[in-house]
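# Results of the structural survey
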Amino acid sequence: MLRIEHLTKNYKSFSLDCTMEVKPGCVTGLIGQNGAGKSTTFKAALGLVRPDGGTIRILGRDIRDFGAKDRQKLGVVLSDSGFSGYLTVADTVPVLGSLYEDFDKAFFLEQIRKAGLPDNKKIKEFSTGMKAKLKVITAISHNARLLILDEPTSGLDVVARDELLELLREFMEKDEDRSILISSHISGDLETLCDDVYMIHEGRIVLHEDTDVLLSDYAVLKVDERQYDTLDKQYILRCRKESFGYSCLTNQKRYYLENYPKLAVIKGTIDEVITMMIRGAAL
């Protein structure tokens, strides 16, 4: 669905070199700190930023050959984009109908109703969460094959986030060939939605893992100085000095549970992995 190979983009104080893939039928997450390169990657994949090098293939075509008709098969949410604030939801309906051949007006209006969005209120008067809901509903209302969603749940409370994530799950269930590329700073969203995750740091992909593997096999070991000295470190990815000793990230949790039963082993989460991969040191 989307293949990015050595995408490079150089700015004065930042450079990107990214390789990643979103496979058919999969939800892929891109995680990392603010400024790590997530939005630049998304915009380059959409042709909104001109790369300095590398290749981008989207829906089987080179991005340079991707035309207006091809773009109808994309559903996009970007953090800094949206409708004119002077429009109402009712005003957007004919606009979307003219942009997308497969725009499903009935589905769109039904989701707007379920989300509790007023159709006669100017969008500039919407809360941040209401605008986020409108953008996601728009993205899934024209039979897109690939969704590219940059922080789509930003500004939403827990209930609203869960509602939007359920919409995305339903979107995937309706067609096994659909795919989603999503970024979010809320790790719980990605843990329950994504099949795999890429982690980007300072413009480079530093980790790619299936979500199930990350949650089942990754862990953080909490060890004191003596335990650290005797620890088999062949499966340690990162270490960080702490007041009590060391925190150590591993992708072989079972090995340490079986061979070091007295160690404190904390189940890995996306937040834990991000923290250790960024703040920890490689051995």
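Relevant structure appears above.
Definitions and cut-offs
Residues numbered from 1 in each chain as written. Predicted model: local features only at pLDDT ≥ 70, side-chain atom pairs only at ≥ 80, totals over all residues. Heavy atoms only, no water. Helix = DSSP H or I, 4+ residues; strand = E, 2+ residues; numbered from the N terminus. Buried < 20%, exposed > 50% of the residue type's maximum accessible area, 1.4 Å probe, protein only. Contact = heavy atoms within 4.5 Å. Areas by Shrake-Rupley, 256 points an atom, 1.4 Å probe, with all protein chains shown as cover. Pairing = 2+ DSSP bridges. Axes fitted to C-alpha atoms, helices over the stretch in contact; angles between N-to-C directions. Arc of directions from axis to C-beta. Phe/Tyr/Trp six-rings, centres within 6.5 Å; stacked < 30°, edge-to-face > 60°. Lys NZ or Arg CZ within 6 Å of the ring centre and 35° of its normal. Expected span 1.5 Å × (residues − 1). Polar contact = N/O pair within 3.5 Å; in protein donor to acceptor, adjacent residues only side chain to side chain. Disulfide = S-S within 2.5 Å. Salt bridge = Lys/Arg side-chain N within 4 Å of Asp/Glu carboxyl O. Core = buried A, V, L, I, M, F, W, Y, C linked by side-chain atoms within 4.5 Å.

## Some remarks on the overall build of the protein chain
Across its full length, the protein chain carries eleven helices and 14 strands. In terms of overall dimensions, the protein chain has C-alpha extents of about 70 × 40 × 35 Å along its principal axes. For the protein chain, the residues scored as buried account for 49% of the 283 residues in total. Here the analysis covers contacts within the protein chain between residues at least 6 apart in sequence; of these, 68% occur between residues at least 24 apart. On the protein chain, roughly 14,000 Å² of surface is accessible, and the fraction owed to carbon and sulfur atoms is 46%.

## Notes on the sheet that holds strand S12 (residues 236-241)
Reading across the sheet, the four strands line up as S12-S13-S11-S14 and stay open at both edges, with antiparallel pairing between neighbours. The open sheet is flanked by S12 and strand S14 (264-267), the only strands paired with a single partner. The sheet shows a mean angle of 25° between the axes of neighbouring strands, taken without regard to direction. Relative to strand S13 (residues 246-250), strand S11 (residues 219-223) runs antiparallel, the two being bridged by five bridges. Its bridge partner being in S13, Lys222 is matched across the sheet by Ser247. Together, S11, S12, S13 and S14 form the strand contacts of helix H11 (residues 270-279), whose direction differs from that of S12 by roughly 75°.

## Some points on helix H3 (residues 89-99)
Taken together, the buried positions of H3 are Val89, Thr92, Val93 and Leu96. Projected down its long axis, H3 shows its buried positions confined to an angular sector of 115°, all on one face. Facing away from the buried side of H3, by more than 90 degrees, are the exposed residues Pro94 and Ser98. Elements in contact with the buried residues of H3: helix H4 (105-114) and helix H5 (128-139).

## Topic: the packing of aromatic side chains
This model, assessed by the stated rule, comprises five aromatic pairs. Ring centres 4.9 Å apart and planes at 75° place the aromatic pair Tyr235 and Tyr255 in the edge-to-face group. One end of the pair, Tyr235, is in the loop between helix H9 (225-230) and S12; the other, Tyr255, is in helix H10 (residues 253-259), and 20 residues separate them in sequence. A network of ring pairs unites the aromatic residues Tyr235, Tyr255, Tyr256 and Tyr260 as a single cluster. Lying over the aromatic face of Tyr246, Lys241 brings its terminal NZ or CZ to 5.2 Å of the ring centre.

## Description of helix H6 (residues 158-173)
Over its 16 residues, H6 extends 23 Å from the first C-alpha to the last, a length consistent with the 22 Å expected when each residue adds 1.5 Å. Against the buried residues of H6 lie strand S3 (27-31), H4, H5, strand S7 (146-150), strand S8 (179-183) and helix H7 (187-193). If you check the start of H6, you find a side-chain oxygen 3.2 Å away from the backbone N of Val159, and it comes from Asp157.

## Things to note about the state of the cysteines
In this structure the tally under the stated criterion is zero disulfides. We note that Cys194 lacks a disulfide partner, and the nearest cysteine sulfur, in Cys26, lies 10 Å from it. Sulfur of Cys248: no disulfide; nearest cysteine sulfur belongs to Cys239 and is 3.2 Å away. Classification of Cys248 as buried rests on a relative accessible area of 0%.

## Quick word on the pattern of salt bridges
Inspection of the entire model under this criterion finds eleven salt bridges. Taking the shortest distance from any N to any O, the salt bridge between Glu225 and Lys241 comes out at 3.1 Å. In this pair, Glu225 sits in helix H9 while Lys241 sits in strand S12, placing the two residues 16 residues apart along the sequence. Judged by relative accessible area, Glu225 falls into the partly exposed class, the value being 36%. A single network of salt bridges, built from pairs that share partners, joins Arg3, Glu5 and Glu21.

## Re the nonpolar core
One broad trend across soluble globular proteins is that nonpolar side chains are buried collectively. With 51 residues, the main nonpolar core has Phe108, Leu134, Leu147, Leu149, Leu168, Ile180 and Ile182 as its most contacted residues. Among the elements that line this core, the one with the most residues is H6, at seven residues. In this structure, Phe108 is in contact with Val89, Thr92, Val93, Leu96, Phe103, Leu134, Ile137, Thr138 and Ser141, ignoring residues within four places of it in sequence. Residues Leu2, Ile58, Phe66 and Leu181 belong to the second largest nonpolar core, which totals 27 residues.

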